[in-house]
Amino acid sequence: MGFLDGLMGNAAEVDIEEIRAEFQKILAPGEKIEKAYRLICDMFLFTDKRLILVDKQGLTGKKTEYHSVPYRSITHFSIETAGNFDLDAELKIWLSGSQTPLQKQFNKSLNIYELQSVLAAYVLK
């Protein structure tokens, strides 16, 4: 993913081995990261138990918020594929008790169908 993609709100998949040690401290015993996506400094991680949104704050990114979303709290989700003129794919996730969905955009190189398949596998357990 290029810097310009990040500025435009696009995210791209990250190699799990590159981030495993960095996020080990926020995982429950036995929990495993299975997919990860980066948006400039921010990330979101799909584990076998929950979705973790990582929000690096400020210019230095030293302050970090970890938002944990158990899969059971996801009421529904949708994907929008990239088109010819709109090069971004989009994922929206609605949580119980909230009217506004979590919304993430991805560049065209990400397989949005694979992403929704991973999410569906966890939500439908």
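Now for a look at the structure at hand.

1. Overview of the pattern of salt bridges
Part 1 of the argument: All told, the structure shown has six salt bridges when counted by the stated rule.
Part 2 of the argument: Put simply, R20 and E17 hold a salt bridge, and the shortest N to O gap is 2.7 Å. Here R20 pairs with E17, and both are found in helix α2 (residues 16–23), just three residues apart, close to one helical turn.
Part 3 of the argument: Note that K35 and E114 form a salt bridge whose closest N and O atoms lie 2.2 Å from each other. Within this pair, whereas K35 is found in strand β2 (residues 33–39), its partner E114 is found in helix α3 (residues 112–123), the two being separated by 79 residues in sequence.
Part 4 of the argument: Owing to a relative accessible area of 30%, E114 belongs among the partly exposed residues under this scheme.

2. Comments concerning α2
Part 1 of the argument: Those residues of α2 lying buried are I16, I19 and F23. Along the axis of α2, the buried residues cluster in a sector spanning 80 degrees; they form a single face. Away from the buried face of α2 by more than 90 degrees, exposed residues E17, E18 and A21 are located.
Part 2 of the argument: The secondary structure elements touched by the buried residues of α2 are β2, β3 (42–47), β4 (50–57) and β5 (63–70).

3. Things to note about α3
Part 1 of the argument: The terminal C-alpha atoms of α3, which comprises twelve residues, lie 16 Å apart, in line with the 16 Å expected from a rise of 1.5 Å per residue.
Part 2 of the argument: For α3, the set of buried residues is I112, L115, V118, L119, A120, Y122 and V123.
Part 3 of the argument: Those residues of α3 that are buried are in contact with β2, β3, β6 (74–80), β7 (89–95) and β8 (102–106).

4. A word on the environment of F46
Part 1 of the argument: For F46, the location among the structural elements is in strand β3.
Part 2 of the argument: Between the C-alpha atoms of F46 and A36, which are ten residues apart in sequence, the distance is 6.1 Å.
Part 3 of the argument: Residues contacting F46, with those up to four places away along its chain left out, are K32, I33, E34, K35, Y37, L51, Y71, L115, V118 and L119.

Rules and cut-offs
Residues numbered from 1 in each chain as written. Predicted model: local features only at pLDDT ≥ 70, side-chain atom pairs only at ≥ 80, totals over all residues. Heavy atoms only, no water. Salt bridge = Lys/Arg side-chain N within 4 Å of Asp/Glu carboxyl O. Helix = DSSP H or I, 4+ residues; strand = E, 2+ residues; numbered from the N terminus. Buried < 20%, exposed > 50% of the residue type's maximum accessible area, 1.4 Å probe, protein only. Arc of directions from axis to C-beta. Contact = heavy atoms within 4.5 Å. Expected span 1.5 Å × (residues − 1).

In short, geometric facts, not functional conclusions.
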